[in-house]
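Structure at a glance
So you can see what is in the structure, the chains are spelled out below.
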Amino acid sequence: MVLTQEKTAALVQRVLRGEAPAFAELVRAYLRPAYSVALSILGRPADAEDVAQDSFMKAFASLESCHEPERFAAWFFQIVRNCARNLLDGRRLRDVAPDDGKILEFASPTSESAGMREALLTALAELDEQKREVVLLHDLENWTHAEIARALNISEVHSRQHLFRARQILRAKLDGHATEPSEESHV
Amino acid sequence: MSDESTPRPIDFSELDPSRNELRWARSIDRLASRGFAERRKRISVEHQLLSWARPVLAVAAALCVMVWTAGYLVSARRTAMVSAPTTAPALQIATWAANNKMPETDDLAGTLGGNP
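Residues numbered from 1 in each chain as written. Chains lettered and ligands numbered in written order. Predicted model: local features only at pLDDT ≥ 70, side-chain atom pairs only at ≥ 80, totals over all residues.

Summing up its helical and strand segments, chain A has eight helices and zero strands in all. Starting at the N terminus and walking to the C terminus, you meet the elements of chain A as α-α-α-α-α-α-α-α. Taken over 187 residues, chain A has a buried fraction of 41%. Within chain A, contacts between residues at least 6 apart in sequence are counted, and of these 65% link residues at least 24 apart. (Helix = DSSP H or I, 4+ residues; strand = E, 2+ residues; numbered from the N terminus. Buried ≥ 20, exposed ≤ 12 C-beta atoms within 10 Å, placed from the backbone. Contact = placed C-beta atoms within 7 Å.)

See below:
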């Protein structure tokens, strides 16, 4: 569910007024995109889910500092990125192996796992962070280039270029895996 | 970069966190409830602080005014006492005059504040 800027701004105002249903609506609209942004940095779905949820709590706590509610996505994604990078720094400091040994980090994309999930993560590791954000927001969240451009503070042209290049790289990496979506989305 | 040349979309459904719909719905509900509760608590604390802050500030302001007024009055009284002309030399001279006594030069100078 992608919300327009106006609807997002109205939701943010309702959350600021403390209207309970607005909290769930905002979470429903932005938890998955937040997961995509976190995943593009962390490379571990479980960690990305945790970061997306923590980021929401931080966002709720400091919502007054979102001075342009219609640009909530850009403001919120910056919180997500900060949380993800903090987690990544902590992970590097601790120098621990992935918790379940199956999910890969982007930093070590040398998997020979046959699983589609692992193959996708390994292929995503070949992209830079912004391309990962664009391709995940577009192909996983079905956001348009206009929506992606606004949320990531890039131009629509850049968004298209990133998507084009990301898909090229992913297709080359995933050759042989079934990665065609059942329902093709528009570009 | 025409549509024909654009590589086809990638199927990321394996990475979709909402594949397990029940678990995802629960996550959303839990997160929304936590967010709402935290925010309400925060708003409540801020409201309490504000409701306490107003009377406390009013009392503090009243105390400041009282202390300043008292200080001003004490200071004004001290100034008045210091600057008030003393009547002692006049009395002394009047006493000498009444007794028809001519004071010594040293006494006169001492009474009028000069060096004898």
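Residues and elements named next belong to chain A. Contact geometry for helix α2 (residues 20-42) and helix α4 (residues 72-94): axes closest at 9 Å, N-to-C directions at 40°. With respect to their mutual orientation, α2 and α4 come out oblique. Both α2 and α4 take part in a crossing whose hand is right-handed. In this structure, α2 contributes Tyr30, Ala34, Val37, Ala38, Ile41 and Leu42 to the contact, and α4 contributes Ala73, Phe76, Phe77, Val80, Arg81, Ala84, Arg85, Leu87 and Leu88. Taken together, the residues that form the contact of α2 with α4 break down as 13 nonpolar, no polar and two charged. (Axes fitted to C-alpha atoms, helices over the stretch in contact; angles between N-to-C directions. Parallel < 35°, antiparallel > 145°, perpendicular 65-115°, else oblique. Left-handed = near helix turned anticlockwise from the far one by under 90°. Nonpolar A, V, L, I, M, F, W, Y, C, P; charged D, E, K, R; others polar.)

Turning our attention to the nonpolar core. All names here are of chain A. Membership of the largest hydrophobic core comes to 55 residues, with the highest contact counts inside it found for Val27, Leu31, Ala34, Ala38, Ala52, Phe76 and Val80. Looking at this core, the element that brings in the most residues is α2, giving 13 residues. If we ignore the near neighbours within four places in the chain, the residues touching Ala52 are Leu31, Ala34, Tyr35, Ala38 and Val80. (Core = buried A, V, L, I, M, F, W, Y, C linked by C-beta atoms within 7 Å.)

Our next topic: the confidence of the model for chain B. Across chain B, the average pLDDT comes to 81, with 84% of residues at or above 70. The ipTM assigned to the predicted complex is 0.77, against a pTM of 0.68. (pLDDT = per-residue confidence, 0-100.)

This part covers the environment of His158(A). Structurally, His158(A) can be placed in helix α8 (residues 156-173). Spatially, the C-alpha atom of His158(A) lies 9.7 Å from that of Lys131(A), the residues being 27 residues apart in sequence.

Glancing now at the interface of chain B and chain A. The interface is formed by 26 residues belonging to chain B together with 36 residues belonging to chain A. In the side of chain B that touches chain A, the residues fall into 12 nonpolar, four polar and 10 charged.

Here we come to helix α5 (residues 116-124) of chain A. Considered for burial, the residues of α5(A) that qualify are Ala119(A), Leu120(A), Leu121(A), Thr122(A), Ala123(A) and Leu124(A). Check the buried side of α5(A) and you find it contacts α6 (129-139) and α8 of chain A.

Residues and elements named next belong to chain A. Across chain A, the average pLDDT comes to 86, with 82% of residues at or above 70. No element of chain A has a lower mean pLDDT than α4, which averages 91, and none a higher one than α6, which averages 96. Note that residues 183-187 has pLDDT below 50 and, in this model, eight contacts with residues that lie over four places away or in other chains.

On to the packing of α6(A) against α8(A). Residues and elements named next belong to chain A. Running from N to C, α6 and α8 cross one another at 90°; their axes reach a closest spacing of 8 Å. Between α6 and α8, the angle is such that the two are roughly perpendicular. Within the contact between the two elements, α6 uses Gln130, Lys131, Val134, Val135 and His138 and α8 uses Ser159, His162, Leu163, Arg165, Ala166, Arg167 and Leu170. Split by residue class, the contact of α6 with α8 holds five nonpolar, four polar and three charged.

An ideal rise of 1.5 Å per residue puts 24 Å on 17 residues; helix α3 (residues 45-61) of chain A measures up with 24 Å between its terminal C-alpha atoms. For α3(A), every residue scored as buried is listed here: Asp47(A), Ala48(A), Glu49(A), Val51(A), Ala52(A), Gln53(A), Ser55(A), Phe56(A), Ala59(A) and Phe60(A). (Expected span 1.5 Å × (residues − 1).)

Right, let's get into the environment of Glu6(A). All names here are of chain A. Its place among the elements puts Glu6 in helix α1 (residues 5-16). The exposure class assigned to Glu6 is exposed, which follows from the 10 C-beta atoms found within 10 Å. A sequence separation of 63 residues divides Glu6 from Pro69, and the C-alpha atoms of the two residues are 8.6 Å apart.

Glancing now at unusual backbone geometry. Trans peptide bonds make up the majority, and among non-glycine residues the majority have a negative phi. Residues and elements named next belong to chain A. You will see that Asn142, though not glycine, has its phi angle at about 60°, which is positive. Mapped onto the elements of the fold, Asn142 is located in the loop between α6 and α7 (145-152). In this structure, Asn153 takes a positive phi of about 60° despite not being glycine. Looking at the element boundaries, Asn153 is found in the loop between α7 and α8. C-beta crowding within 10 Å serves as the criterion here: with 11 such atoms nearby, Asn153 is assigned to the exposed category.

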